[in-house]
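Each chain, written out:
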Amino acid sequence: MATPTTLQITEFLTVLQLLLGLVIAILAAYGYRRNASRPMLFLGVGIAMITFVSAVTTAVSSVLLNVSLVAPLSMTAEVFGMGLILYAVILARRT
Amino acid sequence: MEDENVQLHTCARIHPTRATLDRQAIRWVSELSIRFIYSPSVTGAVAEDCPPDEVFALLDDEYARSLLSATSHEPMTAPELSTQCEMSKSTVYRRLNKLEACGLVRAVHVPDPDGNHRKRYEAQLDELVVRLNDGDFELNLQTTTRTQEFADAFTDLWEGL
């Protein structure tokens, strides 16, 4: 088998990022449901946004939209996700 | 009199200290690897060997109940349980043996940071369903699945921040 191109490596890593993000987000979702813990909800959605949603947005927009729009869209998803994670940190304070 | 009962029922620490959280994190990671490698040996006893009478008697016993609630937050060794729940060690061991036989509690061998292998007891009971079918009592013990345990540990980790 020929050595993979960097594009193939990038695609493989993107899929891996997608899957790992999904697993972590699902664990957080279970934690939210079982323990009625709102911080976990925001943490899960935030992690899902920076991994899964960002990867999907990149893939879909690179096919459907103008190339220059791909980066802003996926970065928006990532920034929004980080905001949600920060909110989860704020919510998790004990007082 | 009432104070005694309250003390026994709430012998689980609700807000863990910082040191406890660090230990919990280390334990969680080591248990993750242990479970993935040794998963067959870490499954607990099934409640089939245990007649319903014994399970009801255990749930009726306030010592067994306080042990269950204490071990539901984090796995604990028997000496820790006896100091925290203020029960004699023999009482703790007797109850733990009965609880383990009925599958309500599971013993996990987790290496301490100091290197000793201690047996830590962990409540396996998530939900107990009692069904009356044609005059026979059927008990269905639902243990938390591994995914649910990870989710709970994740929540503890995050909420401890």
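Everything below is about the structure shown above.
How each quantity is defined
- Residues numbered from 1 in each chain as written.
- Chains lettered and ligands numbered in written order.
- Predicted model: local features only at pLDDT ≥ 70, side-chain atom pairs only at ≥ 80, totals over all residues.
- Heavy atoms only, no water.
- Helix = DSSP H or I, 4+ residues; strand = E, 2+ residues; numbered from the N terminus.
- Buried < 20%, exposed > 50% of the residue type's maximum accessible area, 1.4 Å probe, protein only.
- Contact = heavy atoms within 4.5 Å.
- Areas by Shrake-Rupley, 256 points an atom, 1.4 Å probe, with all protein chains shown as cover.
- Axes fitted to C-alpha atoms, helices over the stretch in contact; angles between N-to-C directions.
- Parallel < 35°, antiparallel > 145°, perpendicular 65-115°, else oblique.
- Nonpolar A, V, L, I, M, F, W, Y, C, P; charged D, E, K, R; others polar.
- Buried area = accessible area lost by both parts, 1.4 Å probe.
- Salt bridge = Lys/Arg side-chain N within 4 Å of Asp/Glu carboxyl O.
- Expected span 1.5 Å × (residues − 1).
- Core = buried A, V, L, I, M, F, W, Y, C linked by side-chain atoms within 4.5 Å.

Asks: Got a minute to help me understand the overall build of chain A in this structure?
Replies: Looking only at helices and strands, one finds three helices and zero strands in chain A. In chain A, the order of α-helices and β-strands from amino to carboxyl end is α-α-α. Considering chain A as a whole, with its 95 residues, one finds that 29% of them fall into the buried category. Restricting to contacts in chain A with at least 6 residues of sequence separation, those with at least 24 account for 63%. Summing over all exposed atoms, chain A offers an accessible surface of approximately 6,200 Å²; the carbon and sulfur share of this is 75%.

Asks: Got a minute to help me understand the packing of helix α4 (residues 62-73) of chain B against helix α6 (residues 89-101) of chain B in this structure?
Replies: The axes of two packed helices give the description: the angle between them and the distance between them. Residues and elements named next belong to chain B. Packing of α4 against α6 leaves a shortest axis separation of 10 Å and a crossing angle of 75°. In terms of their interaxial angle, α4 and α6 are classed as roughly perpendicular. Across the interface between the two elements, Y63, A64, L67 and L68 of α4 pack against T91, V92, R95, L96 and L99 of α6. Classifying every residue of the contact of α4 with α6 by side-chain character gives seven nonpolar, one polar and one charged.

Asks: I keep staring at the interface of chain A and chain B and nothing clicks. Help me out?
Replies: Listed by partner, the interface residues are 16 residues for chain A and 16 residues for chain B. Buried area between chain A and chain B, summed over both chains or domains, comes out near 1,400 Å², and the portion from carbon and sulfur atoms is 63%. Here chain A and chain B share one salt bridge between them. Here A:R34 ties to B:D152 by a salt bridge, and the two come within 2.9 Å at their closest N and O atoms. A total of seven residues in the side of chain A that touches chain B trace back to one element, the largest contributor, which is helix α1 (residues 6-35) of chain A.

Asks: Got a minute to help me understand α4(B) in this structure?
Replies: Residues that lie three or four places apart on an α-helix share one face, since the helix turns once every 3.6 residues. For α4(B), spanning 12 residues, the distance from its first C-alpha to its last is 18 Å, which sits close to the expected 16 Å at 1.5 Å a residue. Of all the residues in α4(B), the buried ones are B:A64, B:S66, B:L67, B:L68, B:A70 and B:T71.

Asks: Just checking my understanding: could you explain the environment of B:D152 for this structure?
Replies: With respect to the secondary-structure elements, B:D152 resides in helix α7 (residues 146-159). On a C-alpha basis, the gap between B:D152 and B:H73 in space is 9.4 Å, while along the polypeptide they are 79 residues apart. Residue contacts for B:D152: discarding those within four places in its chain leaves A:R34 and A:N35.

Asks: Would you mind going over the side chain of A:S37 with me for this structure?
Replies: Within the secondary structure layout, A:S37 lies in the loop between α1 and α2 (38-64). When neighbours within four sequence positions are excluded, A:S37 is seen to be in contact with A:G31, A:Y32, B:T155 and B:E159.

Asks: What should I look at first to understand unusual backbone geometry in this one?
Replies: The phi angle of most residues is negative, glycine excepted, and most peptide bonds adopt the trans form. The backbone phi angle of A:A36 is positive, close to 50°, even though this residue is not glycine. The topology assignment puts A:A36 in the loop between α1 and α2. Its identity is not glycine, yet B:E86 carries a phi of approximately 55°, on the positive side. With respect to the element layout, B:E86 can be found in the loop between α5 (78-84) and α6. In this structure B:E86 comes out as exposed when scored by relative accessible area, which is 57%.

Asks: What should I look at first to understand the nonpolar core in this one?
Replies: Within soluble globular proteins, side chains that are nonpolar generally end up buried alongside one another. Core analysis: the largest hydrophobic core is formed by 22 residues, its most contacted members being B:L67, B:L81, B:V92, B:L96, B:L99 and B:L104. Among the secondary structure elements, those contributing two or more residues to this core are α3 (52-60), α4, α5, α6, β1 (105-111) and β2 (117-123) of chain B. Of the residues forming this core, the biggest block, four residues, is contributed by α4(B). In terms of nonpolar packing, the next biggest core, distinct from the first, is built from 16 residues, A:A77, A:A92, B:F154 and B:W158 among them.

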